[in-house]
Amino acid sequence: MEQRIRVLVAKPGLDGHDRGALVVAQALRDEGMEVVYTGLRQTPAQIAAAAIQEDVDCIGLSCLSGAHNELFPEVVRLLREQGADDILIVGGGVIPQEDIPFLKEQGIAEVFTPGTPTRVTADYIRAHVKRKRMTLQTAPSKIAHIGIAVKSLEAALPFYTQQLGLPLIGTEEVESEQVRIAFLQIGESRIELLEPASADSPIAKFIEKRGEGIHHIAFDVDHIEDRLQQLKENGIPLIHETPKPGAHGASIAFLHPKAAGGVLFELCQYPQAEGSKEESGHE
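What counts and what doesn't
- Residues numbered from 1 in each chain as written.
- Predicted model: local features only at pLDDT ≥ 70, side-chain atom pairs only at ≥ 80, totals over all residues.
- Heavy atoms only, no water.
- Helix = DSSP H or I, 4+ residues; strand = E, 2+ residues; numbered from the N terminus.
- Buried < 20%, exposed > 50% of the residue type's maximum accessible area, 1.4 Å probe, protein only.
- Contact = heavy atoms within 4.5 Å.
- Areas by Shrake-Rupley, 256 points an atom, 1.4 Å probe, with all protein chains shown as cover.
- Lys, Arg positive; Asp, Glu negative; His and termini not counted.
- Charge placed at Lys NZ, Arg CZ, Asp CG, Glu CD.
- Axes fitted to C-alpha atoms, helices over the stretch in contact; angles between N-to-C directions.
- Parallel < 35°, antiparallel > 145°, perpendicular 65-115°, else oblique.
- Left-handed = near helix turned anticlockwise from the far one by under 90°.
- Nonpolar A, V, L, I, M, F, W, Y, C, P; charged D, E, K, R; others polar.
- Expected span 1.5 Å × (residues − 1).
- Phe/Tyr/Trp six-rings, centres within 6.5 Å; stacked < 30°, edge-to-face > 60°.
- Pairing = 2+ DSSP bridges.
- Salt bridge = Lys/Arg side-chain N within 4 Å of Asp/Glu carboxyl O.
- Domains from an automatic or database assignment.

Participant: Describe in detail the overall build of the protein chain, supporting the description with residues and values.
Facilitator: Per the secondary structure count, the protein chain includes 9 helices and 13 strands. Over its C-alpha atoms, taken along the principal directions, the protein chain stretches across nearly 80 × 35 × 35 Å. Here the protein chain, with 283 residues, has 44% of them falling under the buried criterion. The long-range fraction of contacts in the protein chain, counting pairs at least 24 apart against all pairs at least 6 apart in sequence, stands at 62%. Here the protein chain has roughly 14,600 Å² of accessible surface; of this, 52% comes from carbon and sulfur atoms. One finds the centroid of the 27 positive side-chain charges in the protein chain at a distance of 3 Å from the centroid of its 41 negative side-chain charges.

What follows is the structure in structure tokens.
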């Protein structure tokens, strides 16, 4: 289940008008976020403490008094001082356009002035909190399979099935990859034997260059599109920047080997359906 974004909506300073803040708070709730509202006349220290205590992803600061240039940066400073500078901070209220560059320099990610649709604010928070979360990617849940290039399935299979005792799940030909595959179960993962179906296939070229052996390691992941986007933004070289269809409904993509010292990694996201992971084949 995807974690809901937690937002602290706060009113720093002494102004006593919070209608706009309440409207934004309700709009963010309607967008599916968890919202904590601090109430009026909060000090920056109170806001920073509340944000840390509530473990929020984002703080929305609202100010109408004209003290934003002092109050907003102070919240940023206090969060940094307490090691919570990963919290996204956005501002709103009556903010002159000429003050916005200064606020951004001080660490306010974005400033939303009167008239900004609440959907724009929600989309911004959603996109930037998501990106922040993805910079600390959750680990893949398991190794989906290890792909091993072989010249002949017929010649290779007896070792795996008879000598190692691994059960053969099935075989398949993937025309798009010009490869024939045999799947062998090992615990929650699989061994995937890859036989080139033509002399032009990537597996044939791999064997020609390196000989038979481990071709790639595939990870079972969630949110593959987000992962690829984040990896791309982080400068990781990708063979596939967007997922492509794999066998049994899986979405798959390969990272470029130079991203990992010559090791070819594959990301696999399987359908949520019942047990399809265990039956999936080559991707």
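Participant: An account of the packing of helix α2 (residues 44–54) against helix α3 (residues 68–81) is requested, with residue identities and associated values reported.
Facilitator: Contact geometry of α2 with α3 gives a least axis separation of 9 Å together with a crossing angle of 45 degrees. Taken together, the axes of α2 and α3 are oblique relative to one another. Of the two possible hands of crossing, α2 and α3 adopt the one that is right-handed. Mapping the contact onto sequence places Pro44, Ala45, Ile47, Ala48, Ala51 and Ile52 in α2 and Leu71, Glu74, Val75, Leu78 and Leu79 in α3. Here the residues of the contact of α2 with α3 sort into 10 nonpolar, no polar and 1 charged.

Participant: So what about α3? Which residues, and what values?
Facilitator: Taking 1.5 Å per residue, 14 residues should reach 20 Å; α3 reaches 19 Å between its end C-alpha atoms and fits that length. Following α3 by one or two positions, Gly83 adopts a phi angle in the positive range, close to 70 degrees.

Participant: Please give an account of the packing of aromatic side chains that cites residues and values.
Facilitator: Using the criterion set out here, one finds 3 aromatic pairs in the structure. Taken together, a centroid distance of 5.7 Å and an interplanar angle of 75 degrees make the contact between Phe112 and Tyr124 edge-to-face. On the criterion of sequence distance, the pair formed by Phe112 in strand β5 (residues 110–112) and Tyr124 in helix α5 (residues 118–135) is long-range, its members being 12 residues apart. Take Phe112: its relative accessible area is 12%, and that puts it in the buried class. Seen from their ring centres, Phe159 and Tyr160 are 5.1 Å apart, and the 80 degrees between their planes marks the pair as edge-to-face. Take Phe159: its relative accessible area is 46%, and that puts it in the partly exposed class.

Participant: Describe in detail the sheet that holds strand β8 (residues 179–186), supporting the description with residues and values.
Facilitator: With mixed pairing, the 8 strands of this open sheet are ordered in space as β7-β8-β9-β6-β10-β13-β12-β11. The outermost strands of the open sheet, each flanked by one partner alone, are β7 (168–174) and β11 (244–245). Bridging between β11 and strand β12 (residues 251–254) involves 2 bridges; their strand directions are antiparallel. Bridge pairing in β12 links Pro245 to Ser251. Sitting on the sheet, helix α6 (residues 153–163) touches β6 (142–149), β7, β8 and β9 (189–196), and the angle it makes with β9 is about 160 degrees. Set on the sheet, helix α7 (residues 202–210) makes contact with β6, β8, β9 and β10 (213–220); between it and β9 the angle comes to about 85 degrees.

Participant: With reference to specific residues and values, describe the pattern of salt bridges.
Facilitator: Scanning the model with the defined rule gives 11 salt bridges in all. Of the charged contacts in the structure, one is a salt bridge between Arg6 and Glu34, with a shortest N-O distance of 2.5 Å. Highlighted residues: Arg6 in strand β1 (residues 6–10) and Glu34 in strand β2 (residues 34–37), separated in sequence by 28 residues. Of the charged contacts, one joins Lys232 and Glu241 as a salt bridge, the two residues approaching to 3.1 Å between their closest N and O atoms. On the basis of relative accessible area, Lys232 is assigned to the partly exposed category, the value being 43%. Residue Glu241 is classed as partly exposed on the basis of its relative accessible area, which comes to 46%. A single salt-bridge network, built from bridges that share partners, covers Glu31, Arg119, Asp123 and Arg126.

Participant: Report on the domain arrangement of the protein chain, specifying residues and quantitative values.
Facilitator: Domain annotation for the protein chain reports domain 1 (6–128) and domain 2 (142–269). Taking only C-alpha atoms into account, the centre of domain 1 sits 46 Å from that of domain 2.

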